[in-house]
Amino acid sequence: MEIKSSNLLVDYVRVFDDAIDEKLLKKIYRYAKDKPYFCKTTDTTIDEGTGEEKVDKQIRSGSVEPLSSINSPSMTNTRICNFLTNVFLKYGEKYLYLTLGKPMMGFKINQVELLRYSEKDHFIKHVDAGPSNHRTLSFILMLNEDYKGGVLEILSPKGESINLKIPGKANRLVMFPSTFMYPHVVHPIEQGERFTIVAWAQ
């Protein structure tokens, strides 16, 4: 996907299509959609800088299942987490070479989550890093495209739109800095369900 804008901020937004093997993508999507009984799915939360997570559906609505390489009730959850962690590390190194021309020392993935946005679910303008969230790079892997709405939009930190709307496409990986320079929005789902894997690096 080619990104066109006169704003220099988009130089640090990268979109990779066909990010993982198609068969593996379908397996992960099937796991996400079927939501097995052992999944620890909860409402999505926000952290307003206090370190405490809370539910506020006016700001963010949807459900989340943490993916973990340890202490998970599901071996499938663990396998997906380990596989995607390696994928994100690979693309993270690629991102850093494309944007900075060099690798980052000590680069690691510190959180991986499966998100489900149903009809009317959304996330208003926000940034991924904060006083209690030490994140440097954000990853969004889109699992499906059979829904309406739910467009990811990256905005200028000054508030004006830079017209960078990234539509949903299965197997599309979007990467950008987690800092205050990259506020973004997930517009409300109009029909169907949107599934993504999100992760952050530090």
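See the structure above.
Residues numbered from 1 in each chain as written. Predicted model: local features only at pLDDT ≥ 70, side-chain atom pairs only at ≥ 80, totals over all residues. Heavy atoms only, no water.

**Thoughts on the nonpolar core**
Of all hydrophobic cores here, the largest spans 32 residues; its most connected members are Phe 88, Phe 139, Leu 141, Leu 143, Leu 173 and Ile 197. Within the residue set of this core, elements represented by two or more residues are helix H1 (22–34), helix H2 (75–99), strand S6 (109–117), strand S8 (137–142), strand S12 (172–177) and strand S15 (194–201). The biggest single contributor to this core is H2, with 8 residues. Discounting chain neighbours no more than four positions away, the residues touching Ile 197 are Ile 28, Leu 67, Leu 84, Phe 88, Val 112, Glu 113, Leu 114, Phe 139, Ile 140, Leu 141 and Leu 143. Residues Ile 140, Tyr 147, Leu 164 and Tyr 182 belong to the second largest nonpolar core, which totals 22 residues. (Core = buried A, V, L, I, M, F, W, Y, C linked by side-chain atoms within 4.5 Å. Buried < 20%, exposed > 50% of the residue type's maximum accessible area, 1.4 Å probe, protein only. Helix = DSSP H or I, 4+ residues; strand = E, 2+ residues; numbered from the N terminus. Contact = heavy atoms within 4.5 Å.)

**Considerations on unusual backbone geometry**
Phi is positive for Asp 18, close to 55 degrees, though the residue is something other than glycine. Note that Asp 18 resides in the loop between strand S1 (14–16) and H1. In this structure, Lys 120 takes a positive phi of about 80 degrees despite not being glycine. Within the secondary structure, Lys 120 sits in the loop between S6 and strand S7 (123–126). Classification of Lys 120 as exposed rests on a relative accessible area of 64%.

**Side note on the pattern of salt bridges**
A full pass over the atoms with the stated rule returns 4 salt bridges. A salt bridge links Asp 17 to Lys 169; its shortest N-O distance comes to 3.6 Å. Note that Asp 17 is positioned in the loop between S1 and H1 and Lys 169 in the loop between strand S11 (161–166) and S12, a separation of 152 residues in sequence. Residue classification places Asp 17 among the partly exposed positions, given a relative accessible area of 23%. Residue Glu 193 is joined to Arg 116 by a salt bridge in which the shortest nitrogen-to-oxygen separation is 2.8 Å. Highlighted residues: Glu 193 in the loop between strand S14 (189–191) and S15 and Arg 116 in strand S6, separated in sequence by 77 residues. (Salt bridge = Lys/Arg side-chain N within 4 Å of Asp/Glu carboxyl O.)

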